[in-house]
Amino acid sequence: MRPPDLNGGRTPEAVQALLMSDYGVSRETIEQFLAYQAILAKWAPRINLVGASTLGSFWDRHILDSAQILPLARPEAKSWVDFGSGAGFPGLVIAALVQPVDGARVTLIEASTKRCGFLREAARAMQVQVDIINDKLENVMPRPVDIITARAFTALDRLLAYAEPWQGPRTQALFPKGEEVSAELAQASTNWLFKSTIHPSVSDARGCIVEITECQVRTGSTQT
């Protein structure tokens, strides 16, 4: 019997079972994530993708942590953009999960050429269709999207500035955050007016997903 995954608190098999039972993830998608895990383990020693200590908790720390975002999105959401995609969390995970949805498309934006190389190889290994843009976020031509995500990219105040030109009338921003979320919300509220909902994380008791809607710059803000 495989020993428990002490880094994530659940065995890989337990997380896979949870994904299938509670999130409707298919066996085929689990196989895609196994391919993802294999290529991440191959590339991680060569370039900075994720913390070495988190490779052992891949299913809990990365897959479940990313997958939990999907049920928070509006059912009709089709267009997604992920800022600072890095190793593909949550963007590439979301792309695999929404692949069966007609018209759904995920765009990953990553400034690092090496990380984009990894993302392309991972998407190819997973057989996932995704748009990958290798550029700084501020250089990318924005367009209204349904969902904006970003994990460990920057503080919320700055995230909202990056997100503003990507907003449509019903855009949701879904940002994984940690214990500093209250301070980040307070700081962001000095420059932005928005509605926020905090969803507890199912992968980390200290974390959450912050949902932001109806965001607009506050009058007199220094944000541009």
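Everything below is about the structure printed above this text.
Visitor: So what's going on with the overall build of the protein? Which residues, and what values?
Guide: Of regular secondary structure, the protein possesses seven helices and seven strands. Walking the protein from its N terminus toward its C terminus, one meets helices and strands in the order α-α-α-β-α-β-α-β-β-α-β-α-β-β. Relative to the compact-globule value of 17 Å for 224 residues, the protein shows a C-alpha radius of gyration of 17 Å, a close match. Once the C-alpha set of the protein is aligned to its principal axes, its extents read approximately 60 × 35 × 30 Å.

Visitor: A description of helix α7 (residues 181–188) should follow, citing residues and the corresponding values.
Guide: Taken as a whole, α7 has its buried residues at Val 181, Glu 184, Leu 185 and Ala 188. The arc enclosing the buried residues of α7, seen along the axis, measures out at 100°, which places them on a common side. Away from its buried face, by an angle of more than 90 degrees, α7 presents the exposed residues Ser 182 and Ala 183. Elements that come into contact with the buried residues of α7 comprise α6 (156–163), β5 (167–177), β6 (192–200) and β7 (208–217).

Visitor: Residues and numbers for the packing of aromatic side chains, please.
Guide: Under the definition given, this model contains nine aromatic pairs. Ring geometry for Phe 33 and Trp 59: centres 6.2 Å apart, planes at 75°, overall edge-to-face. Of this pair, Phe 33 sits in helix α2 (residues 27–43) while Trp 59 sits in helix α3 (residues 58–67), and the two are 26 residues apart along the sequence. Between Phe 58 and Phe 89, the aromatic rings sit 6.3 Å apart at their centres with planes inclined by 70°, giving edge-to-face as the arrangement. Linking Phe 58 in helix α3 with Phe 89 in the loop between β1 (79–83) and α4 (91–98), this pair joins segments that are 31 residues apart in sequence. Comparing Phe 58 with Phe 89 shows no difference in burial state: the two are buried. Site record: aromatic cluster; members linked through ring pairs are Phe 33, Tyr 36, Trp 43, Phe 58, Trp 59, Phe 89 and Phe 118.

Visitor: Mind laying out the pattern of salt bridges, listing which residues take part and the relevant values?
Guide: According to the stated counting rule, one finds nine salt bridges in the structure shown. The partner of Arg 61 in a salt bridge is Asp 65, and the shortest N-O contact between them spans 3.6 Å. Of this pair, Arg 61 and Asp 65 both sit in helix α3, four residues apart, which is roughly one turn of that helix. When its relative accessible area of 36% is taken as the criterion, Arg 61 is described as partly exposed. Residue Arg 170 is joined to Glu 76 by a salt bridge in which the shortest nitrogen-to-oxygen separation is 3.0 Å. In this pair, Arg 170 sits in strand β5 while Glu 76 sits in the loop between α3 and β1, placing the two residues 94 residues apart along the sequence.

Cut-offs used in this document
Residues numbered from 1 in each chain as written. Predicted model: local features only at pLDDT ≥ 70, side-chain atom pairs only at ≥ 80, totals over all residues. Heavy atoms only, no water. Helix = DSSP H or I, 4+ residues; strand = E, 2+ residues; numbered from the N terminus. Rg over C-alpha atoms; globule rule 2.2 N^0.38 Å. Buried < 20%, exposed > 50% of the residue type's maximum accessible area, 1.4 Å probe, protein only. Arc of directions from axis to C-beta. Contact = heavy atoms within 4.5 Å. Phe/Tyr/Trp six-rings, centres within 6.5 Å; stacked < 30°, edge-to-face > 60°. Salt bridge = Lys/Arg side-chain N within 4 Å of Asp/Glu carboxyl O.

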